[in-house]
Amino acid sequence: MIIKDTQKLLPTQIQENLAMPDLVLEVPPHGIPLHSKSIERLLATVEAGKKVLSFRPTLPVASELGLPSYPILAYLYPQELSNIWNQLRQGFEGKTQGNLLDSIPFKVISETDIDEQIHYFADHYGIAVKPSYVRVIIGNTCNLKCVMCPYHSPLLKPTHTTDFFKGNKAMSWKMMERLARECGEDGIAIVIGNVEEPMLHPNLVDFVQLCKQQGVPRVHMTTNGQLLDESQAKALLKAGLTSIDISIDAADPDTYLKVRGANLNHVESNVSNFLRLRDQLGIPCEVRTSFVRNQDVTLEEEQQFRERWLAKADGIFVLNVAQYKNTNIRLGKINDAVQGSIQHYIYKAQGRWSCLFPFTEIAVLPDGRIYYCIETLFRLGFDQDIESLGDYNKQTLHDIWRGNQFNQLRRDLILNQLDNRSACKNCDMWMSNVAVRSSRDDLQIISTMVTEICQRYNSNDKG
């Protein structure tokens, strides 16, 4: 057997026992050591008569639900294909298309047992897969006091047991510069406006512009829109903002005043002007509005909101209201469309599957602490004991993502050993990655247990 393994990623005991003639075992240089069981599975499969094999590990259920794909870690193919192998490999990796592939029997091996899952998805995952996005929490303040907000509600803020939302904790420009540079270098998207009103930060526009200059592929912002006047809208568009969600939650001025304590006409005008400016300037930026199903807000008003904004914006999303109860996020309602799918995956996983959030995102707080999901952010005002998975003042994102604390969390999730993780043990948000896609009339609809995202088929892709 010919072995192509420039980084010496094959287990030693496997290398010593590879006696199959006329085959090539190629290990791409991704820096991920191969587990011996993975190679044994490849060899057993080629004996069954397959022409070309590759190995790309998957994590049960989580990979079906959107876990970022691992790169191909090994190829096994006949030496007779060596002359055309480069062309074949590009085809298998989706880089080229051609009829040549149609004549070559090809199989992807992806099954993994628990030892392999720990090896690939805990010990080495951070090397193989980068974060899908970084949540950048640039402050802790807001100009509104929405009744349902776990961070700034006048009803909930007095019950906080941490000091995170006391005073003004704005992210430093130095930290913003580092984030823009690192995310640009690695091609990682940035999400702004997670627990704060980002437009209160004096360096917001400069940060968006720097992200664009540094090569960050997408910069998303969530805002309440009250400060999104014409000058700010134009500045953000020219700076390079690629998508924006505006939280509105009402179609009636009285409802908006009750829920958000401000003027609905003002924010609606701001959003309409933003859309107008975007189109006039010809700058691609996806615009969505959102509606939280607050208590006592009628279905008729929700429908009015849908019709109003689907006629103007690129899409809308409707959220079930979440509350902080018994130390965790609790939803008053779960969308009917996903109930069956959730039960299907629970049955398939024989219980709980690995939550996707620590495999897809990092959240950076203004003080450099590192959180890892919406549940941990939801608890910012209530839980002093959430473990930070790093310190951005002293480490790079790269080192944090690959670090022992993230690896151990992923291991605990795979093994479902969560007794010592208060944020995870009683959490329901691991089910929120189940998504059901459907269509109704001229709408595309994506439903999860938390949200329903709607977009018209004829809506231009502005993002």
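How each quantity is defined
Residues numbered from 1 in each chain as written. Predicted model: local features only at pLDDT ≥ 70, side-chain atom pairs only at ≥ 80, totals over all residues. Heavy atoms only, no water. Pairing = 2+ DSSP bridges. Helix = DSSP H or I, 4+ residues; strand = E, 2+ residues; numbered from the N terminus. Axes fitted to C-alpha atoms, helices over the stretch in contact; angles between N-to-C directions. Parallel < 35°, antiparallel > 145°, perpendicular 65-115°, else oblique. Left-handed = near helix turned anticlockwise from the far one by under 90°. Contact = heavy atoms within 4.5 Å. Nonpolar A, V, L, I, M, F, W, Y, C, P; charged D, E, K, R; others polar. Buried < 20%, exposed > 50% of the residue type's maximum accessible area, 1.4 Å probe, protein only. Core = buried A, V, L, I, M, F, W, Y, C linked by side-chain atoms within 4.5 Å. pLDDT = per-residue confidence, 0-100. Phe/Tyr/Trp six-rings, centres within 6.5 Å; stacked < 30°, edge-to-face > 60°. Lys NZ or Arg CZ within 6 Å of the ring centre and 35° of its normal. Salt bridge = Lys/Arg side-chain N within 4 Å of Asp/Glu carboxyl O. Arc of directions from axis to C-beta. Expected span 1.5 Å × (residues − 1). Polar contact = N/O pair within 3.5 Å; in protein donor to acceptor, adjacent residues only side chain to side chain. Right-handed = clockwise from strand over helix to strand, strands pointing away.

## Focus: the sheet that holds strand S17 (residues 443-447)
Here is step 1 of the chain: If you trace the 11 strands from one edge of the open sheet to the other, you get S15-S14-S6-S7-S8-S9-S10-S11-S18-S17-S16, paired in mixed fashion. Of all the strands in the sheet, the pair left with one neighbour each is strand S15 (370-371) and strand S16 (436-440).
Here is step 2 of the chain: Summarising the sheet, strand S6 (residues 133-136) and strand S7 (residues 189-192) pair through 4 bridges and their orientation is parallel. Paired with Val134 across the bridge in S7 is Ile190.

## Quick notes on the packing of helix H4 (residues 114-123) against helix H16 (residues 404-415)
Here is step 1 of the chain: Where H4 contacts H16, the two axes come as close as 8 Å, and the packing angle between them is 150°. Taken together, H4 and H16 sit at an angle that is classed as roughly antiparallel. Every pair of crossing elements has a handedness; the one defined by H4 and H16 is right-handed. Of the residues in H16, those touching H4 at Ile114, Gln117, Ile118, Phe121, Ala122 and Asp123 are Asn407, Arg410, Arg411, Ile414 and Leu415.
Here is step 2 of the chain: Looking at the contact of H4 with H16, its residues break down into 6 nonpolar, 2 polar and 3 charged.

## Brief notes about the pairing of strand S3 (residues 52-55)
A regular strand places its side chains on the two faces of the sheet in alternate fashion.
Here is step 1 of the chain: By the alternation rule, side chains of S3 split into Val52 and Ser54 and Leu53 and Phe55, which are all buried.
Here is step 2 of the chain: Two elements, S3 and strand S5 (residues 106-109), share 4 bridges in a ladder whose sense is parallel. Looking across to S5, one finds that Phe55 is bridged to Ile109.
Here is step 3 of the chain: As judged from the 3 bridges shared by S3 and strand S4 (residues 74-78), these two strands associate in the antiparallel manner. Across the sheet, residue Ser54 finds its bridge partner in S4, namely Tyr75.

## Looking at the sheet that holds S4
Here is step 1 of the chain: Read from one edge of the open sheet, 5 strands run S1-S2-S4-S3-S5, paired in mixed fashion. With partners counted over all chains shown, the strands left at the sheet margins are strand S1 (2-4) and S5, one partner each. Between one strand and the next, the sheet's axes are offset by a mean angle of 15°, whatever the strand orientation.
Here is step 2 of the chain: Packing of helix H2 (residues 36-46) onto the sheet brings it into contact with strand S2 (23-26), S3, S4 and S5, and relative to S3 it is tilted by some 160°.
Here is step 3 of the chain: Each of S2, S3, S4 and S5 touches helix H3 (residues 85-92); the most contacted strand, S4, lies at about 135° to it.

## Digging into the nonpolar core
Here is step 1 of the chain: Counting 142 residues, the largest nonpolar core has Leu34 and Val364 as its most contacted members.
Here is step 2 of the chain: Filtering out sequence-adjacent residues up to four positions away, Leu34 remains in contact with Leu9, Leu10, Pro11, Val27, Ile39, Phe55, Leu73, Ala74, His119 and Tyr120.
Here is step 3 of the chain: In this structure, Tyr75, Tyr77, Trp85 and Ile104 belong to the second largest nonpolar core, which totals 10 residues.

## Concerning the confidence of the model for the protein chain
Here is step 1 of the chain: When pLDDT is averaged along the protein chain, the result is 92, and 94% of the positions lie at 70 or above.
Here is step 2 of the chain: Low pLDDT, under 50, characterises residues 459-463; the stretch is placed with 11 contacts to residues that sit more than four places away or in other chains.

## A short note on the packing of aromatic side chains
Here is step 1 of the chain: Under the criterion given, the structure shown has 16 aromatic pairs.
Here is step 2 of the chain: Across the ring face of Phe359, the terminal group of Arg410 is positioned such that the distance to the ring centre comes to 5.9 Å.
Here is step 3 of the chain: Over the ring of Trp401 we find Arg410, and its NZ or CZ is 4.3 Å from the ring centre.

## Remarks on the packing of helix H6 (residues 173-186) against helix H7 (residues 204-214)
For any two helices packed against each other, the geometry is given by the interaxial angle and the distance between the axes.
Here is step 1 of the chain: Their axes nearest at 8 Å, the elements H6 and H7 cross at an angle of 30°. The orientation of H6 relative to H7 falls into the category roughly parallel. Note that H6 runs across H7; the crossing there is right-handed. Here Trp173, Met176, Glu177, Ala180, Arg181, Gly184 and Glu185 of H6 come into contact with H7, specifically with Asp206, Phe207, Leu210, Cys211 and Gln214.
Here is step 2 of the chain: Here the contact of H6 with H7 is composed, by residue class, of 6 nonpolar, 2 polar and 4 charged.

## With respect to the pattern of salt bridges
Here is step 1 of the chain: Enumeration over the complete set of coordinates arrives at 24 salt bridges.
Here is step 2 of the chain: The partner of Asp115 in a salt bridge is Lys37, with the nearest N and O atoms 2.8 Å apart. Of this pair, Asp115 sits in helix H4 while Lys37 sits in helix H2, and the two are 78 residues apart along the sequence.
Here is step 3 of the chain: Taking the relative accessible area as the measure of exposure, Lys37 reaches 29% and is therefore partly exposed.

## Focus: the environment of Asp254
Here is step 1 of the chain: As for its placement among the helices and strands, Asp254 is situated in helix H9 (residues 253-260).
Here is step 2 of the chain: Here Asp254 falls in the exposed class, since its relative accessible area comes to 60%.

## So, H3
Here is step 1 of the chain: Taken as a whole, H3 has its buried residues at Trp85, Leu88, Gly91 and Phe92. One face of H3 carries all of its buried residues, which in axial projection span an arc of 125°.
Here is step 2 of the chain: Along its buried surface, H3 packs onto S2, S3, S4 and S5.
Here is step 3 of the chain: Following H3 by one or two positions, Gly94 has its phi on the positive side, about 80°.

## Some thoughts on helix H10 (residues 264-281)
Here is step 1 of the chain: The end-to-end C-alpha distance of H10, which contains 18 residues, comes to 26 Å, matching closely the 26 Å that a straight helix rising 1.5 Å per residue would cover.
Here is step 2 of the chain: Elements in contact with the buried residues of H10: helix H8 (230-239), strand S9 (243-247), H9, strand S10 (286-293) and helix H11 (299-310).
Here is step 3 of the chain: Measuring from the side-chain oxygen of the N-cap residue of H10 to the backbone nitrogen of Asn265 gives 2.9 Å; that N-cap residue is Asn263.
Here is step 4 of the chain: Count one or two residues on from H10 and you reach Gly282, which has phi positive near 65°.

## Focus: the pairing of strand S11 (residues 315-320)
Here is step 1 of the chain: Most of S11 is tucked away, with 6 of its 6 residues classed as buried.
Here is step 2 of the chain: Of the two faces of S11, the one carrying Gly315, Phe317 and Leu319 and the one carrying Ile316, Val318 and Asn320 are both buried.
Here is step 3 of the chain: By the bridge criterion, 6 bridges tie S10 to S11 in an arrangement that is parallel. The residue of S11 that forms the bridge with Thr289 is Ile316.
Here is step 4 of the chain: Handedness of the β-α-β unit built from S10, H11 and S11 comes out right-handed.
Here is step 5 of the chain: In this sheet, strand S18 (residues 451-456) lies alongside S11 in antiparallel orientation, the contact comprising 4 bridges. Across the sheet, the residue bridging to Ile316 is Cys454, located in S18.

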